[in-house]
Structure formats: structure tokens, C-alpha cells
Amino acid sequence: GQGHTIRGLCQTTHTNATANDKQPNYLDNEIYVGLFHKVSHATISNLTISQSLIKGVSAGAFSMKAEDSVFENCHTKDCYIGGENNTGEMVGQAYRSIFRSCSNGGTVWNRPVSGTNSWFGGIAGTSQSCHFTECENYGEIRNSGGCNGGIAGISTESNFEKCQNSGTIWGNYATGGIGGYTE
């Protein structure tokens, strides 16, 4: 990223949506979205995404899914990320990945879907075998379901070091400042 900022990214099937929309209407045919659909064995560093709108079934500003990847000094600011499940401000689903000095200053919100589980986080919606160091959430997580966290919504075998949350987390159950539900 070389310290660059991407502004105004808009990924949605709602044709009238703009990056300034706070909560646009959803359509039934949305897909998994992010700047990159999936990253694997990648390193993304020194990049900020701001003033952007991304919404889908599972979403993240940087990537819907990350496997065996490293995110370092990556940030979101004033972004609105919406999804049904596995939604994070940076990454929707993270597996065996490392997050260093990353932050969220945007809003993650859910599309209400009855009878389903949902996982929403400031950095990652779902994390499995991940490591988070010096990550911060100062954004807002709004989910009518459960498993909501400032850093990760649901986390399995993941580590958190020197992470902090000063943002607002809204949810019905399994809601926490760092991790919503951890195993």
C-alpha cells in the first residue's frame, strides 16, 4: 500500500448506492464482497480504506476471506460494511492469518436474517488460528444477532495481544470488547 488511501470504494448490487450511503437497502442476490474477494499467502501493508461502502452476504473492506496472510498497518476509516454473517470491517473470514497494528474506525452492521447465526467484528467477523497484535477498534459494531466483538466476532484458537476497543458494540448475545465468542 505504500501509505496510500483508497477512498470511495463502493461494492454493492444496489445500483443507486454511493459511498455516502449509511444503510442502503439490500437486494436478494448479493454475494461475498471486499476489495479482494479472497487473499491467500498474501501480505497487505500500509494501506487505508476510507469513506467506502461494502455490503453483501459476507463482507470485509480488504477481503471477504483471508487465508495464511499478513495484514500490517492496515486501517479503515468512515467505512460502512454490511452483511448477513462472517462480516468484519477489514476481513469477513480469517484463517491462520496475522494482523499487526490494524484499526477500525468505521461501522459494521447486519442485515437482519431470522434463524441464522451471525459473526461481526471490527477487524474480522470470524477468525480461526489467527494472531492479532496491537489492533484497535474505535468504530461501531451493530448486529441484531450474536457473536460481536471489537476485534473478532467469533474466534477459535486465536491470540490477542495488546488489542483494545473504545468503540460501541451492539448485539443480543456473545458480545465483547475484544472477542464476542472465543474458544
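Residues numbered from 1 in each chain as written. Predicted model: local features only at pLDDT ≥ 70, side-chain atom pairs only at ≥ 80, totals over all residues. Heavy atoms only, no water.

Caption draft 1: Spotlight on the sheet that holds strand E17 (residues 146-149). Spatial strand order, E8-E12-E17-E22: four strands in an open sheet with parallel pairing. At either end of the open sheet lies a strand with only one pairing partner, and these are strand E8 (87-88) and strand E22 (173-176). Of the strand pairs in this sheet, E17 and E22 are connected by three bridges, and their pairing is parallel. Each residue of the ladder has a partner; that of Gly149, found in E22, is Gly176. (Pairing = 2+ DSSP bridges. Helix = DSSP H or I, 4+ residues; strand = E, 2+ residues; numbered from the N terminus.)

Caption draft 2: Highlighting unusual backbone geometry. In the Ramachandran plot, Asn46 falls in the positive-phi region, its phi being about 55° despite a non-glycine side chain. For Asn46, the position within the fold is in strand E4 (residues 43-50). Using a relative accessible area of 34% as the deciding quantity, one classes Asn46 as partly exposed. In this structure, Ser129 is a non-glycine residue whose phi angle is positive, near 55°. Inspection of the secondary structure puts Ser129 in the loop between strand E13 (124-128) and strand E14 (131-133). On the basis of relative accessibility, which here comes to 32%, the residue Ser129 falls in the partly exposed class. (Buried < 20%, exposed > 50% of the residue type's maximum accessible area, 1.4 Å probe, protein only.)

Caption draft 3: A look at the pairing of E4. Across four bridges, the pairing between strand E1 (residues 4-7) and E4 is parallel. Paired with Thr5 across the strands is Thr48, a residue of E4. As defined by bridge partners, E4 adjoins strand E7 (residues 70-83) across seven bridges and the pair is classed as parallel. Residue pairing across strands places Ser50 opposite Lys77, the latter belonging to E7.

Caption draft 4: The nonpolar core, seen in detail. Membership of the largest hydrophobic core comes to 28 residues, with the highest contact counts inside it found for Phe62, Phe71, Phe99 and Phe132. At the level of secondary structure, the elements contributing two or more residues to this core comprise E4, E7 and strand E9 (91-95). Element by element, the count of residues in this core is highest for E7, at four residues. For Phe132, the residues in contact, after removing those within four places along its chain, are Phe99, Ile123, Ala124, Ser127, Ile151, Ala152, Ser158, Asn159, Phe160, Glu161 and Cys163. (Core = buried A, V, L, I, M, F, W, Y, C linked by side-chain atoms within 4.5 Å. Contact = heavy atoms within 4.5 Å.)

Caption draft 5: Just the confidence of the model for the chain, in detail. Of all residues in the chain, 86% have pLDDT values of 70 or greater, and the mean over the chain is 87. When the criterion is pLDDT under 50, residues 22-30 qualifies, and its contacts beyond four places in sequence or with other chains add up to 26 contacts. (pLDDT = per-residue confidence, 0-100.)

Caption draft 6: How the structure looks around the side chain of Ser97. Examined against the element boundaries, Ser97 turns out to sit in the loop between E9 and strand E10 (98-100). Looking at Ser97, its side chain comes within polar contact range of the main-chain nitrogen of Asp68, at 3.4 Å. At a separation of 3.0 Å, a polar atom in the side chain of Ser97 contacts the main-chain carbonyl oxygen of Tyr95. Aside from chain neighbours lying at most four places away, what touches Ser97 is Ala66, Glu67, Asp68, Ser69, Ser129, Cys130 and His131. (Polar contact = N/O pair within 3.5 Å; in protein donor to acceptor, adjacent residues only side chain to side chain.)

Caption draft 7: Focus on the pairing of E9. Taken across its five residues, E9 has five buried, putting it largely inside the fold. Relative to E9, strand E6 (residues 63-67) is paired through four bridges, and the arrangement is parallel. Residue pairing in the sheet places Ala66 in a bridge with Ala94 of E9.

Caption draft 8: Region of the structure containing the pattern of salt bridges. Scanning all chains against the criterion turns up five salt bridges. Residue Glu67 is joined to Lys65 by a salt bridge in which the shortest nitrogen-to-oxygen separation is 3.7 Å. Overall, the relative accessible area of 22% leaves Lys65 in the partly exposed class. Between Asp68 and Arg96 there is a salt bridge, with its nearest N and O atoms 2.9 Å apart. With Asp68 in the loop between E6 and E7 and Arg96 in the loop between E9 and E10, this pair connects stretches of sequence that are 28 residues apart. Accessibility expressed as a relative area gives 28% for Asp68, which makes it partly exposed. Taken together, the shared-partner salt bridges connect Lys38, Lys65 and Glu67 into one network. (Salt bridge = Lys/Arg side-chain N within 4 Å of Asp/Glu carboxyl O.)

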